[in-house]
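A structural walkthrough
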Amino acid sequence: MTAVTEIDRDGGSPRARSEPAVGVTQLRVMRSEWTKLHSLRSTRYSLLAALAVIIGLGILISWGSASHWDEENPGERLFFDPTLTSLSGIFLAQLAVGVLGVLIVSGEYSTGMIRATMAAVPRRLPVLWAKTAVFALVTFVLMTVASFVAFAAGQAMLASEHISTTLSRPGVLTAVIGGGLYLTVVGTLGVALGALLRSTAGGIATLFGLLLVLPIIVLFLPASWREHIEKYLPSNAGQAIFRVLHEPSALSSWTGFALFCGYALAALAGAAVLLRRRDA
Amino acid sequence: MIKVEGLTKRYGEKTAVDGLSFAVEPGVVTGFLGPNGSGKSTTMRMIIGLDEPTSGRVMVNGRCYRDFSAPLCEVGALLEARSVHTGRSATNHLLALAHTHGIPRRRVDEVIDLVGLREVARKRVGGFSLGMGQRLGIASALLGDPSIMILDEPVNGLDPEGIRWIRNLLKGLAAEGKTVFVSSHLMSEMALTAEHLIVIGRGRLIADTSVADFIHSASANTVKVRSPQAPQLRELLVSVDVTVTASAPDILEVTGLTSEQIGRTAAENDIVLYELTPQQASLEEAFMDLTRDSVEYHADTPTAKAATGASS
Ligand SMILES: Nc1ncnc2c1ncn2[C@@H]1O[C@H](COP(=O)(O)OP(=O)(O)O)[C@@H](O)[C@H]1O
Ligand SMILES: [Mg+2]
């Protein structure tokens, strides 16, 4: 096979010497997924939208809170969480990030790209790991930056009423980084659901069902049940990490976040099992 | 080299491929022929591990496709269904595939030039015509410079120019010593491209033969004779092994004799001949004869016939 050796010789970059000259490795599949990610318009728009929403909405709501501060009653003042207020854009941005996570996988199924992908990486699992890792990394970097920007700008708005906070106060830094972490796991959950359901509509519906609809349904349960269930819902558990003030019944920041990661990993594990088992 | 052994695939109740065994050798174009729904695409998907066989197995170059560390360098596949994200450019699509193997960018540019997509390489694939899509598919298949090429109905929907391009490409690859396995539901296409044939119907093997033998065995060996003394010649030719039919007063269709034998008989008896033509059964007819019992849906009514005719 002279032709193959020809390619071998071409691949003589310094790194290629430690790796097999031509062949599938986890790192290479990640590079492939990175190329796929940034070469689609939908990626750029969704991530840009998420950034704009986190920062824009954070500023808007912080400004609103400051300008209406004197109208608030003492109870609300007591439970005012300036960090959460400046990060409130996350509640909307999670939809953009989650949908993009679903699309990264379901878009391959709807276009047929998945067949080319699976033919190139017939063991399949490296693709799922690479998609998850690359998207998680990109989301974490961008969303954490957005989170810090939103926090800084929001606190500047709140400072006029002297109700702002700083990163040095207990739990605040965790919450601001937590904004990026929460969105990263939402994106991972999206990837897992996309791979489980192999359909854009199904993946998005399930994701919104878990994050948005489930908490509403639980509201209709008897109060005694609700307090046992509510805090364990994926959204409530995950969102604990970007709150500084926690309700007494809620999970703590890291416990809640760990549970949220658990849900996402369970979905990912299910996706991995099915990916190996199902025909492409 | 592709080796298929007792391959069976069931989708629920439906048996798409049924105990198929054959081998595809390097150096020649091997046609994979069968009516629609006979299991060609399913077999090809199983060769590259997209679908898992219900039983049996496929070996490519002596191994299971999944076990290769560089599968794109073993088998290049052009599937029937489009396998490319419409939102990406041709270059980025190929780059993404190349990156999985560490294939250098230079090779991506090379295959783009090879299939003649240079001008549109940076455009979104969604706007590509069918022919451009096929070319991109072939570029993806060639990316790893594989020793085996699998193409599922590659000429479907292409214009004559595109069809000729693919035909020549496949012959060229086979001449380089590669294994080329190409499916079609049209015998006429296979006759022009392939040297060897694997014919299936309803998922079962019907024939594994060279195209020349297939054509030979399929031909009815009739000879058309035109002569002003046709009735007289007819008397001389007819025997137990020879049938003669007259389609016009001066035309005979002779089965069972060669044109040489007929010509000699005519000369010996001073019979004038205007025409003496060996007839070859149409390939499409031969193929249909062979697969008659194994087509999925027969066109029973005139309307159904017209509809099939229009769509093919
Ligand atoms: N994924 C699938 N699920 C169910 N049935 C299928 C699937 N793929 C193919 N089939 C059925 O298997 C048979 C063979 O199909 P196919 O391999 O596409 O034939 P061909 O390519 O020769 O036209 C057909 O009856 C088809 O309907
Ligand atoms: Mg087919």
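Residues numbered from 1 in each chain as written. Chains lettered and ligands numbered in written order. Predicted model: local features only at pLDDT ≥ 70, side-chain atom pairs only at ≥ 80, totals over all residues. Heavy atoms only, no water.

1. Re the overall build of chain B
Our working definition: We count a stretch as a helix when DSSP gives it H or I for four or more residues in a row; a strand needs E for two or more, and each element gets its number in order from the N terminus. Think of it in three bands: residues with accessible area under 20% of the maximum for their type are buried, residues over 50% are exposed, and the middle band is partly exposed, with areas taken using a 1.4 Å probe on protein chains only. Contact criterion: two residues are considered in contact whenever any of their non-hydrogen atoms come within 4.5 Å of each other. Exposure was quantified through the Shrake-Rupley algorithm and a 1.4 Å probe, taking into account, for residues, occlusion by the shown protein chains and nothing else. When charges are counted, Lys and Arg contribute as positive and Asp and Glu as negative, whereas His and the chain ends are disregarded. Taken as the charge centre is NZ of Lys, CZ of Arg, CG of Asp or CD of Glu, depending on the residue.
Looking only at helices and strands, one finds eleven helices and 13 strands in chain B. Considered along the principal axes of its C-alpha atoms, chain B spans approximately 75 × 45 × 40 Å. The buried share of chain B, taken over its 312 residues, is 49%. Contacts spanning at least 24 positions in sequence make up 69% of the contacts within chain B whose residues lie at least 6 apart. Looking at chain B as shown, the accessible area adds up to about 14,200 Å², and 52% of this sits on carbon and sulfur atoms. Computed over 31 positive and 37 negative side-chain charges, the separation of the two mean positions in chain B equals 10 Å.

2. Observations concerning helix α6 (residues 90–111) of chain A
All names here are of chain A. Basically, it comes down to this: Here the expected length of a helix is defined as 1.5 Å per residue gap, with one fewer gap than residues. Note that bend, as reported per residue, equals the angle between axes fitted to the 7 residues terminating at that residue and the 7 residues originating from it.
Helix length check: α6 (22 residues) gives 30 Å between terminal C-alpha atoms against 32 Å at 1.5 Å per residue, within 8%. For α6, the principal kink sits at I104 and spans about 40°. Judged by how many residues are buried, α6 sits mostly within the fold: 16 of 22 residues are covered. Looking one or two residues past α6, G112 carries a phi angle of roughly 95°, positive in sign.

3. Examining the interface of chain B and chain A
Heads up, the condition is: Buried area is a sum: the accessible area each of two parts loses on coming together, probed at 1.4 Å, counted once for each and added. Any carboxyl oxygen of Asp or Glu within 4 Å of a side-chain nitrogen of Lys or Arg constitutes a salt bridge here. Polar contact criterion, stated in full: a pair of N or O atoms within 3.5 Å, where within protein one must be able to donate a hydrogen and the other to accept it, and residues adjacent in sequence count only if both atoms are side-chain atoms. All amino acids are sorted into three groups, where Ala, Val, Leu, Ile, Met, Phe, Trp, Tyr, Cys and Pro are nonpolar, Asp, Glu, Lys and Arg are charged, and the leftover types, Gly among them, are polar.
Contact with chain B, which involves 43 residues of that partner, is made by 36 residues of chain A. For the chain B and chain A pair, buried surface summed over both sides reaches about 3,400 Å², with 58% attributable to carbon and sulfur atoms. On the surface where chain B and chain A come into contact, there are two salt bridges. We note a salt bridge from D67 of chain B to R123 of chain A, for which the minimum N-O separation is 3.9 Å. Joining chain B to chain A, the criterion identifies 15 residue pairs in polar contact (both at pLDDT 80 or more). At the level of secondary structure, the elements contributing two or more residues to the side of chain B that touches chain A comprise β1 (2–11), α2 (90–101) and α3 (105–114) of chain B. Per-element tally for the side of chain B that touches chain A: the top contributor is α2 of chain B, with eight residues. Among the residues forming the side of chain B that touches chain A, the class breakdown is 17 nonpolar, 14 polar and twelve charged.

4. Section: the sheet that holds strand β8 (residues 196–201) of chain B
All names here are of chain B. This is how it is decided: For two strands to be treated as a pair, DSSP must find no fewer than two bridges joining them. Fitted lines through C-alpha atoms serve as axes, helices being fitted only where they are in contact, and the angles separating the N-to-C directions of these axes extend from 0 to 180 degrees.
Taking strand neighbours across the sheet as the criterion, the six strands line up as β5-β6-β7-β3-β8-β9 in an open arrangement whose pairing is mixed. Edge strands, defined here as strands with exactly one partner in the open sheet, are β5 (75–78) and β9 (204–210). Ignoring strand direction, the axes of neighbouring strands in this sheet form an average angle of 15°. Across five bridges, the pairing between strand β6 (residues 148–152) and strand β7 (residues 179–184) is parallel. Its bridge partner lying in β7, I150 is registered against F181. Of the strands in this sheet, β3 (29–33), β6, β7 and β8 touch helix α1 (residues 40–47), which is tilted by about 150° from β7. Relative to β7, helix α5 (residues 160–175) is tilted by about 150°, and along the sheet it contacts β3, β6 and β7.

5. Things to note about the pairing of β6 of chain B
A regular strand carries its side chains on alternate faces of the sheet. Residues and elements named next belong to chain B. Test applied: With the strands pointing away from the viewer, any crossover whose connection runs clockwise from the first strand over the helix to the second is right-handed.
Among the five residues that make up β6, five are buried, leaving the element largely enclosed by the rest of the structure. Relative to β6, β5 is paired through four bridges, and the arrangement is parallel. Paired with A77 across the strands is I150, a residue of β6. The parallel pair β6 and β7 is bridged by α5, and the resulting crossover is right-handed.

6. Focus on the coordination of the magnesium ion (ligand 2)
When four donors bind a metal tetrahedrally, each ideal donor-metal-donor angle is 109.5 degrees, and when six bind octahedrally, the ideal angles are 90 or 180 degrees. Residue and element names in this part refer to chain B. We count it as follows: Note that water is not among the atoms considered, so a metal site may appear incomplete; the donors listed are N, O and S atoms within 2.8 Å of the metal, with 3.2 Å applied to Na, K and Ca.
Around the magnesium ion (ligand 2), the donor atoms from the protein are S41 (OG) and E80 (OE), and they sit 2.1 to 2.4 Å away. Taken together, the residues S41 in helix α1 and E80 in the loop between β5 and α2 connect sequence positions 39 residues apart. Judged by its relative accessible area of 44%, E80 falls in the partly exposed class.

7. Remarks on empty space enclosed by the protein
As a reminder, the rule being used: Of the grid points, spaced at 1 Å and generated over the protein atoms alone, those admitting a 1.4 Å probe that cannot get out make up cavities, while open sets with protein on both sides within 12 Å along at least five of seven lines make up pockets; any residue with an atom within 4 Å of a point is treated as lining. Grid points are joined across faces, edges and corners, and a volume is the space filled by probe spheres set on the points.
Applying the stated rule across the entire model yields three cavities of 30 Å³ or more. Considering the residues around the largest cavity, the lining is formed by 14 residues, among which P154, V155, V182, E189 and M190 of chain B are closest to the centre. Broken down by secondary-structure element, the contributors of at least two residues to the lining of the largest cavity are α5, β7 and α6 (187–193) of chain B. The dominant element in the lining of the largest cavity, judged by the number of residues it contributes, is α5 of chain B, at four residues. For the lining of the largest cavity, the per-class residue count stands at seven nonpolar, four polar and three charged. Approximately 60 Å³ is the volume found for the second largest cavity. Considering the residues around the second largest cavity, the lining is formed by Y109, M118, R124, A195, R198, A271, L274, L275, R278, D279 and A280 of chain A. At three residues, the largest contribution of residues to the lining of the second largest cavity is made by helix α13 (residues 253–277) of chain A.

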